[in-house]
Amino acid sequence: MKQLIIFATGNKGKIREIRDIITDPNTEVLSMREAGVSADPDENGTSFEENALIKARAVYDLIRQKKEAGTLCFDTTDTQITVMSDDSGLVIDALGGEPGIYSARYLGYDTDYNYKMEQIMKRMENVPDKERTARFVAAVGAIFPDGSEHVVLGAMEGVIARGIYGQNGFGYDPFFYLPEYGKTSAEITEEEKNAISHRGKALRAMLAQFEAWQRSGEAAQKTAAACGDYK
Ligand code: ITT
C-alpha cells in the first residue's frame, strides 16, 4: 500500500523543509495546492496544537468531499491518505512569549520579514544577551487514514541576535542565533536545520506515531485472520 501525505500548508518554506525530512520512498508528499484543494481556515485556536488540528481538519474535509464526489485530481488506487499540518512560531521569553501563535500575522501577514525582525530587535534593544532566549515551536497535526487525530510538538532553542544574518531558511531564521553553531538558523544548511529544528523533531515524532499506528493495524488484521481461521 502506497502512502500519500497531503500537507495542509501554503507556506513554501515549510513544504521545502517537510519534503527534505520525509525521505521514505514509499511515501509521496503533496502540498494542499498540488492535491487540488485550498483551505484557509480561521486559526482561532489558543495553542499551536489547536491551530495545527484546525488546519488539518479543514483539508481533510475538503479531500473527503472531493473523494466522495469522485473529483480528486490524483489516483488513490492502493493508496492510504494522511493529512498533516504544521502550526509553528517564534516564542521570545523577554516579550512574554510573543509573537508565538501570531508569528505569521505579527505586524501584518504580508509584511516583509526584515521589517518584522527589525521591529522586534528595537523592542529588545535594552534586553541583555543572557535574557534574549527564544525558541521556535512547531505542532504537527495529523489525521490518519482511519480518521483518528494526532498532534505532537517540537522545539528548537536559540537566542535573538542583534542583527540579521544569512539567506537560508525562511521567516525569522536570519535573527535566530544558535549558540552551539555560532550562526543563525539562516546561516546553517537546510540539512543541518532539519536535523535540529522544531519542525524536524515534530515531524519525525509524528512519522514514528504513524508507523506505530500502521503496525497496530497489521496486528489487528492478523488477529482477525487468526480468529477467522478458528471459526
Ligand atoms: P500555513 O498556515 O499555510 O502552514 P503560515 O506561514 O501561515 O503557513 P503558521 O501560521 O504556522 O504558518 O505561522 C508560522 C510562522 O512562524 C511562519 O510564517 C514564520 O513566520 C514563523 N516560523 C515558523 N517556523 C519557522 C522557521 O523554521 N523558520 C523561520 N520562521 C519560522
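Just so you know, the residues in each chain are numbered from 1, in the order the chain's sequence is written. In keeping with the model being predicted, local features are shown solely for residues with a pLDDT of at least 70 and side-chain atom pairs are shown and tallied solely at 80 or more, while totals for entire chains, interfaces and linings include all residues. Each side-chain value is worked out from all heavy atoms of the structure, with water and hydrogens disregarded.

**Q** For this particular structure, what's the right way to read the site of the ligand?
**A** Residues are labelled near a given molecule or strand when at least one of their non-hydrogen atoms is within 4 Å of it. Taken together, 22 residues lie near the ligand, and Thr9, Lys55, Tyr109, Tyr113 and Lys193 sit nearest. Two N or O atoms count as a polar contact when they lie within 3.5 Å, although within protein this holds only if one can serve as hydrogen donor and the other as acceptor, and sequence-adjacent residues are included solely when both atoms are side-chain atoms. In this structure, Tyr113 approaches the ligand through a side-chain N or O atom, which is 2.6 Å from an oxygen atom. Within the contact set of the ligand, a nitrogen atom lies 2.9 Å away from a side-chain nitrogen or oxygen of Arg199. Comparing atom positions with the cavity grids shows the ligand to sit within the largest pocket. Within the residue set of the shell around the ligand, elements represented by two or more residues are β3 (79-92) and α5 (198-230). A run of H or I in DSSP becomes a helix once it reaches four residues, and a run of E becomes a strand once it reaches two; helices and strands are each numbered from the N terminus. Looking at which element gives the most residues to the shell around the ligand, the answer is β3, with 4 residues. Its residues placed into classes, the shell around the ligand shows 6 nonpolar, 8 polar and 8 charged. Put simply, the grid is 1 Å and covers the protein atoms alone, a cavity is a trapped set of points that fit a 1.4 Å probe, a pocket is an open set with protein on both sides within 12 Å along at least five of seven lines, and lining residues have an atom within 4 Å of a point. To qualify as sitting in a cavity or pocket, a molecule needs more than half of its atoms within 2 Å of the grid points. Put simply, Ala, Val, Leu, Ile, Met, Phe, Trp, Tyr, Cys and Pro go in the nonpolar bin, Asp, Glu, Lys and Arg in the charged bin, and everything else, Gly too, in the polar bin.

**Q** Looking at this structure, how should I read the environment of Arg123?
**A** Tracing the backbone through its elements, the reader meets Arg123 in helix α3 (residues 113-123). For the pair Arg123 and Leu53, spaced 70 residues apart in sequence, the C-alpha to C-alpha distance is 32 Å. By definition in these notes, contact holds between two residues if any of their heavy atoms fall within 4.5 Å. Setting aside residues no more than four positions away along its own chain, Arg123 makes contact with Leu95, Glu98 and Tyr106. Reaching out from Arg123, the side chain makes a polar contact with the side chain of Tyr106 at a distance of 3.0 Å.

**Q** I keep staring at the sheet that holds strand β2 (residues 27-31) and nothing clicks. Help me out?
**A** Working definition: the strands of a sheet are paired by backbone hydrogen bonds and lie parallel or antiparallel to each other. One open sheet accounts for 7 strands, arranged β2-β1-β3-β4-β5-β6-β7; its pairing is mixed. Two strands close off the open sheet at either side, each with one partner strand: β2 and β7 (183-184). By the convention used here, strands pair only if DSSP detects at least 2 bridges between them. Judged from the 10 bridges that link them, β3 and strand β4 (residues 133-143) form a sheet pairing that is antiparallel. Residue pairing across strands places Leu90 opposite Phe136, the latter belonging to β4. Angular values range over 0 to 180 degrees, each being the angle between N-to-C directions of two axes fitted as lines to C-alpha atoms, with helices fitted over their stretch in contact. Set on the sheet, helix α2 (residues 48-69) makes contact with β1 (2-7), β3, β4 and β5 (149-160); between it and β3 the angle comes to about 150°.

**Q** Honestly, the pattern of salt bridges in this entry has me stumped. Any pointers?
**A** Any two side chains of opposite charge can pair if their charged atoms end up close together. Take a side-chain nitrogen of Lys or Arg and a carboxyl oxygen of Asp or Glu: if they are within 4 Å of each other, that pair is a salt bridge. In total, this model carries 15 salt bridges according to the counting rule given. Glu190 is the partner of Arg16 in a salt bridge, and the nearest nitrogen-oxygen pair spans 3.2 Å. Separated by 174 residues along the polypeptide, Arg16 in helix α1 (residues 12-21) and Glu190 in helix α4 (residues 190-196) bring together distant segments of the chain. Taken together, the salt bridges that share partners define one network made up of Lys14, Glu17, Asp86, Asp173, Lys193 and Arg199.

**Q** Looking at this structure, I do not really get the side chain of Lys14. What am I missing?
**A** In this fold, Lys14 is placed in helix α1. Lys14 has contacts with Thr9, Lys55, Asp86, Asp87, Ser88, Phe170 and Arg199, leaving out every residue within four places of it along the chain.

**Q** Help me out: how do you make sense of the environment of Ile188 in this one?
**A** Following the sequence through the fold, Ile188 ends up in the loop between β7 and α4. Relative accessible area decides the class of each residue, using a 1.4 Å probe on protein chains only: under 20% of the type maximum gives buried, over 50% gives exposed, and in between gives partly exposed. By relative accessible area, which is 1% here, Ile188 ends up buried. Taking the C-alpha atoms as reference points, Ile188 and Asn168, 20 residues apart in sequence, are found 7.3 Å from one another. Those residues in contact with Ile188 that sit more than four places away from it in its chain are Asn168, Leu178, Tyr181, Lys183, Lys193 and Ile196.

**Q** Just checking my understanding: could you explain α1 for this structure?
**A** Buried within α1 are the following residues: Gly13, Lys14, Ile15, Glu17, Ile18 and Ile21. The N-cap of α1, judged by a side-chain oxygen 2.9 Å from the amide nitrogen of Gly13 a few residues on, is Asn11.

**Q** Explain the pairing of β2 here, please?
**A** Successive residues of a regular strand alternate their side chains across the two faces of the sheet. Counting buried positions along β2 gives 4 out of 5 residues, so the element sits mostly inside the fold. Where β1 and β2 come together, 5 bridges link them in parallel fashion. Note on β2: the bridge partner recorded for Gln3 is Thr27. Taking the sense of rotation as the criterion, the β-α-β connection linking β1, α1 and β2 turns out right-handed. The path from the first strand over the helix to the second decides the hand: if it runs clockwise while the strands point away from the viewer, the crossover is right-handed.

**Q** Honestly, the layout of surface pockets in this entry has me stumped. Any pointers?
**A** Here the idea is plain: a probe the size of a water molecule rolls over the atoms and shows the empty space left. Grid points are joined across faces, edges and corners, and a volume is the space filled by probe spheres set on the points. Put simply, the largest pocket is a space of about 900 Å³. Around the largest pocket, the lining comprises 37 residues; the ones closest to its centre are Asn11, Lys14, Lys55, Ala104 and Tyr109. Of all the elements in the fold, those that place two or more residues in the lining of the largest pocket are α1, α2, β3 and α5. The element that contributes the greatest number of residues to the lining of the largest pocket is β3, accounting for 5 residues. Residue composition of the lining of the largest pocket, grouped by class: 14 nonpolar, 9 polar and 14 charged.

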